[in-house]
Amino acid sequence: MSTQNLTLLTDLYELTMMQGYFETQENETVVFDVFFRENPNKSGYSIMAGVEQVIDYIKNLHFSYEDVDYLRGLGIFSEDFLHYLSGFHFSGSIYAIPEGTVIFPKEPLVKVIAPIMEAQLVETAILNIINHQSLIATKTSRVVFAAQGDGIMEFGLRRAQGPDAGLYGARAAMIGGCVGTSNVLAGKLFDVPVMGTHAHSWIMSFKDEYTAFKEYAKLYPDACTLLVDTYDTLKSGVPNAIRVFREMREEGIISKHYGIRLDSGDLAYLSKQARRMLDEAGFTDAVIAASNDLDEMLIHDLKMQGAAITSWGVGTNLITSKDCPSFGGVYKLAAIQNAEGEFIPKIKISENTEKITNPGNKTIYRVYDKETGKIRADLICFADETYDTSKELLLFDPNATWKKTRLAGGTYTIREILKPIFIHGECIYTSPSVMEIAEYCRHEKETLWDETKRLFYPHRVYVDLSQKLYDTKAALLDDLSR
Ligand SMILES: Nc1ncnc2c1ncn2[C@@H]1O[C@H](COP(=O)(O)OP(=O)(O)OP(=O)(O)O)[C@@H](O)[C@H]1O
Ligand SMILES: O=P(O)(O)OC[C@H]1O[C@H](OP(=O)(O)OP(=O)(O)O)[C@H](O)[C@@H]1O
Ligand SMILES: O=C(O)c1cccnc1
């Protein structure tokens, strides 16, 4: 939250390195990139989320008297360094891809340009925030895709990995496309719709199911979703719900939003039977909602089975991204500024060529097909490179350079997707509201080809390097292998 001081939310090694830089170096300005190597959940794309919380974190970055005192107590920091920390503030620049944007592996999601002591300190918290929210936004986006336009309600708070994961997970889930959340604190803090039904305990607390439904309908006639599986879904739950709906209709209080929720058993079979019973009773607009360990695969499968469900409550699998519990974003040094103000590219070698980093102070252009508005590729280049869209653009796969695509001038458009957030310590970016981000995210997904959006074996979007960046990288690798 915006006033929270998370300065010590870092790994100890960031502070021990910071002290090392303080003792041994000139505190040169460096460039660090946040990027990830693989989309989670076998997705063809990911969704950026968490920038607003990164902004809050950076704005509140300071070592309080108690923080400094605690660090002193560890017995590993000098008084000179602790004195430096007590006057610390972030003076660098940060660029980020706006929340809700579709993102792909290898591209810089966040770029930090700052004196090395500052840039090093912020690694852990930035990764923590972006990794978590981007993971949940991406998972949600897949669940939403599977539901083919039906609403997904985020129900995961009780099974999230702690309060923060529940709260910021709900925020990310809204960005990824949920229609609402059961998380009331998320509703208050992020101004997003809260919604829900009722629990089995409600039914069990009354003398019988009918009375429980009736009392609920009296209290909440405008949002009356009755949980029908406590005793026997088709023999008792649905008939009792119909009885109550009928009485509501007779009393003229039938609402716009009413229906049932299934939470166990064969959801395809039960939903079809329930639909038939509701329709026969004249309640054709009663909504059938379902929950019970759902995820995108199950929802996809239930759709294939012709389930008559049009509203889905998804908890555990979404809020924990159960099939892929980590986003895998990393933070790597890409350049060091010399005395002349030039950024000298740096590279990290790996046995695994996929893990070799992209050097330099970079930016990203998203290249769109002019006619369809769909993404052709992303192009990572140096920050000072520019492109003229009236000229031919040559794209090539950096891992298989013989794979080339030539886009004729006038057939494509480009958009720089990395945006300035902080310049020389000053925040120059205003975060949109979560619902505005969610709307933007919905449009962003329209720029993906269907082949990229599909749940299984999606088509990969190319993330290419400019010729200049490719040549620089090759030259650095060449130098290091001498
Ligand atoms: N038609 C279906 N096709 C595929 N999966 C289904 C179908 N119906 C339900 N499921 C899923 O199968 C799983 C069954 O859950 P589980 O074995 O816990 O039984 P249950 O119905 O929840 O019983 P109970 O809650 O009474 O223990 C859930 O994840 C549920 O969403
Ligand atoms: O299955 P999930 O995707 O995690 O969705 C949330 C679950 O949480 C509730 O169950 P719970 O047993 O906690 O409470 P209940 O007594 O209200 O069913 C709800 O009925 C869902 O089944
Ligand atoms: O409102 C609901 O139906 C709900 C909320 C949280 C978890 N499960 C269900």
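This report concerns the structure included in the present document. (Residues numbered from 1 in each chain as written. Chains lettered and ligands numbered in written order. Predicted model: local features only at pLDDT ≥ 70, side-chain atom pairs only at ≥ 80, totals over all residues.)

1. Brief notes about the site of ligand 1
If you check the shell around ligand 1, you find Ser264, Gly265, Asp266, Leu267, Ala268, Asn292, Asp293, Leu294, Leu298, Asp301, Leu302 and Gln305 and nothing else. Sorting the residues of the shell around ligand 1 by element identifies helix 12 (267-280) and helix 13 (296-304) as the ones contributing at least two each. Looking at the shell around ligand 1 element by element, the count peaks at three residues for helix 13. Here the residues of the shell around ligand 1 sort into five nonpolar, four polar and three charged. (Near = placed C-beta within 6 Å. Helix = DSSP H or I, 4+ residues; strand = E, 2+ residues; numbered from the N terminus. Nonpolar A, V, L, I, M, F, W, Y, C, P; charged D, E, K, R; others polar.)

2. Notes on unusual backbone geometry
The phi angle at Asn27 is positive, at roughly 55°, despite the residue not being glycine. Among the secondary structure elements, Asn27 is positioned in the loop between helix 1 (12-24) and strand 1 (29-35). Positive phi values are uncommon outside glycine, yet Asn292 reaches one of about 125°. With respect to the secondary-structure elements, Asn292 resides in the loop between strand 10 (287-290) and helix 13. Owing to 15 C-beta atoms within 10 Å, Asn292 belongs among the partly exposed residues under this scheme. (Buried ≥ 20, exposed ≤ 12 C-beta atoms within 10 Å, placed from the backbone.)

3. Side note on the sheet that holds strand 9 (residues 257-262)
In spatial order, the strands read 7-6-11-10-9-8; together these six strands make up an open sheet with parallel pairing. The sheet is open, and its two edges are formed by strand 7 (180-181) and strand 8 (223-227), each paired on a single side. In the sheet, strand 10 pairs with strand 11 (residues 311-314) via two bridges, with the strands oriented parallel. Note that in strand 11 the partner of Ala289 across the bridge is Ser311. Lying on the sheet, helix 11 (residues 233-250) is in contact with strand 8 and strand 9; it crosses strand 9 at an angle near 170°. (Pairing = 2+ DSSP bridges. Contact = placed C-beta atoms within 7 Å. Axes fitted to C-alpha atoms, helices over the stretch in contact; angles between N-to-C directions.)

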